[in-house]
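Now for the letters of each chain:
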Amino acid sequence: MAERTQRDNGNKGKIIDLSAIIQKASAASADHASADNVSFSTHVARGYACRENGDNLGALAEFAKAYAINDSNVDLCLDLGTTLGELQRYENATFYLKRAVELDPDNAEAHYFLGMAYMAYAQPHFRHAIKELQLCLSLDSSLSRVNIFIAEAWRALKKPQQAKAILKEIVEKDSADTEALNLLAVIHLESGDIEESIALLRRAIAANPSSATLYINLGVAYLHRGFIDMSAQQFRTAIKLNPLDANAFYNLAHTLALRGDPDQAEKHVRSAIALDDSNPAFHLLLSSTLMSQEKWSEAMQTLVHVLEQEAGNPLACGSMGRCLQETGDIEEAKYWYEQAIELDEYNPEWYFYLAFCHIQEGKLEFALQQIDTAISINDQIGGYYILRGDILYNLGKKRKAEKSWRTAEELTEELAPDVAQRLSGDVPQMPQV
């Protein structure tokens, strides 16, 4: 499971007030005098009324009728684009927003909304977004908050230096800009500069101590340092500040699971799910906590829920294999491990557990092949060499077994007692078929 950082919007609110566009379009439509233009104005007015009542589909229908009468009204194009954006139909929104830009290339709002639509695509077009947002800024420098979104786009493109440069400039102008400080901290964390990330988040919290998001991200940073108790403390503070933040409960559960407290972890991840049932990561963590408590049937029920949402989730497939293996259904367990490997062939864990399935079937040569594959992917895990040595010993290859056990001890000192036990001749027996 991975901890989750999140964005802080600070107290800045929306960058551009949609009502301003509506008012301008109303004034523009009032200027038309012909019979057709009266009809145009009627549809626009009806569209605004629908949107004010929360009926975006009705607004879209009315704006579309107005567009059929006059497709050269910039504000109507903006209304169509932003309404489609509210409906999360971003690809359709770009059609009308591009039309607005075509009609009025110097319209900063049109470039802004077009850039934001590109960022919201299912597969975001970040470079297009950066271009439009930069044009927006060049046309209206007062919209400086757009820089935050440009920085986010650079971050998404794996260009942290460009993002950092923008955010540092914002922070230099306003040392208490929590949104910029937060995003800069997250980028430093992703770059491995944990200490700088912690320092930035502390600055942000000093400026805005009521932000749950800042405490969540500080908790994540502490977790990267291995400070589990300090991390849990931040997540608890976040929950106090915002008891409806599902990520705060999820991160606390994740931290408690790492601390070896699966019962409390289960409690808190269930709270996260009660707030947001649609996030597969939450259900995966729940299944992990249940597995840690050997609640295999409950874990499988949870994994079924995940697989209904994401049939191709390798962690869910592998975890299902583990549950089935523990309940004695080796054939089904092998199927799910093989599914996990097909989806994520470079995860050594699935080969490790698949080796155990073959051991339970008495097929030691097959088991050896699987554990060798696991080691070829990650040769730094002592437990893999312990299992490899056990298999080799049961295959009659005692010298190779001893070498494998000694490698395990070199990699992981904590395995020294297990190695000593085996070198003394006390080796787990593995029947063969």
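Use the structure listed above.
Residues numbered from 1 in each chain as written. Predicted model: local features only at pLDDT ≥ 70, side-chain atom pairs only at ≥ 80, totals over all residues. Heavy atoms only, no water.

Colleague: When you look at the environment of L181 in this model, what are you seeing that I'm missing?
Modeller: Mapped onto the elements of the fold, L181 is located in helix α10 (residues 178-190). Judged by its relative accessible area of 0%, L181 falls in the buried class. Spatially, the C-alpha atom of L181 lies 45 Å from that of S41, the residues being 140 residues apart in sequence. Those residues in contact with L181 that lie beyond four places of it in its chain are V171, S175, A176, L200, R203 and A204. (Helix = DSSP H or I, 4+ residues; strand = E, 2+ residues; numbered from the N terminus. Buried < 20%, exposed > 50% of the residue type's maximum accessible area, 1.4 Å probe, protein only. Contact = heavy atoms within 4.5 Å.)

Colleague: Is there a simple way to explain unusual backbone geometry in this structure?
Modeller: Of all residues except glycine, most have a negative phi; of all peptide bonds, most are trans. Here the phi dihedral of Q88 falls at roughly 65°; this positive angle occurs in a residue that is not glycine. Looking at the element boundaries, Q88 is found in the loop between α4 (74-86) and α5 (90-103). Positioned with a positive phi, K158 is a non-glycine residue whose angle comes to about 60°. Mapped onto the secondary structure, K158 falls in the loop between α8 (146-156) and α9 (160-173). For K158, a relative accessible area of 70% gives the class exposed.

Colleague: Got a minute to help me understand helix α11 (residues 194-207) in this structure?
Modeller: Because an α-helix completes one turn every 3.6 residues, residues spaced three or four positions apart along the sequence face the same direction. Between the first and last C-alpha of α11 there are 20 Å, a value that for 14 residues agrees with the 20 Å anticipated at 1.5 Å per step. Taken together, the buried positions of α11 are I194, S197, I198, L200, L201, A204 and I205. Seen along its axis, α11 keeps its buried residues to an arc of 165°; they face one direction. The inward-facing, buried residues of α11 contact α10 and α12 (212-225). (Expected span 1.5 Å × (residues − 1). Arc of directions from axis to C-beta.)

Colleague: How do you make sense of helix α18 (residues 314-326) when you look at a structure like this?
Modeller: Its 13 residues give α18 an end-to-end C-alpha distance of 18 Å, which sits within 8% of 18 Å, the value for a rise of 1.5 Å per residue. A316, C317, G318, S319, M320, G321, C323, L324 and Q325 are the residues of α18 that are buried. The secondary structure elements touched by the buried residues of α18 are α16 (280-292), α17 (296-309), α19 (330-343) and α20 (348-360). One side-chain oxygen at the N-terminal end of α18 lies 3.0 Å from the backbone nitrogen of L315; it belongs to N313. A positive backbone phi angle near 95° is found at G328, which sits one or two residues after α18. (Polar contact = N/O pair within 3.5 Å; in protein donor to acceptor, adjacent residues only side chain to side chain.)

Colleague: Help me understand the pattern of salt bridges in this model?
Modeller: Opposite charge on two side chains allows them to pair when their charged atoms are near. Within this structure, the stated rule accounts for 20 salt bridges. Notably, a salt bridge pairs E62 with K65, separated by 3.9 Å at the nearest N-O pair. With E62 and K65 both in helix α3 (residues 56-69) and 3 residues apart, this pair spans about one turn of that helix. Residue classification places K65 among the partly exposed positions, given a relative accessible area of 43%. As a salt-bridge pair, K334 and E331 come within 3.5 Å of each other at their nearest N and O atoms. Of the two residues, K334 and E331 are both situated in helix α19; the distance of 3 residues between them amounts to about one turn of the helix. In this structure K334 comes out as buried when scored by relative accessible area, which is 10%. Of the residues examined, E331 reaches a relative accessible area of 51% and is grouped as exposed. Several salt bridges converge on common partners, so that one network encompasses E266, R270, K295 and E298. (Salt bridge = Lys/Arg side-chain N within 4 Å of Asp/Glu carboxyl O.)

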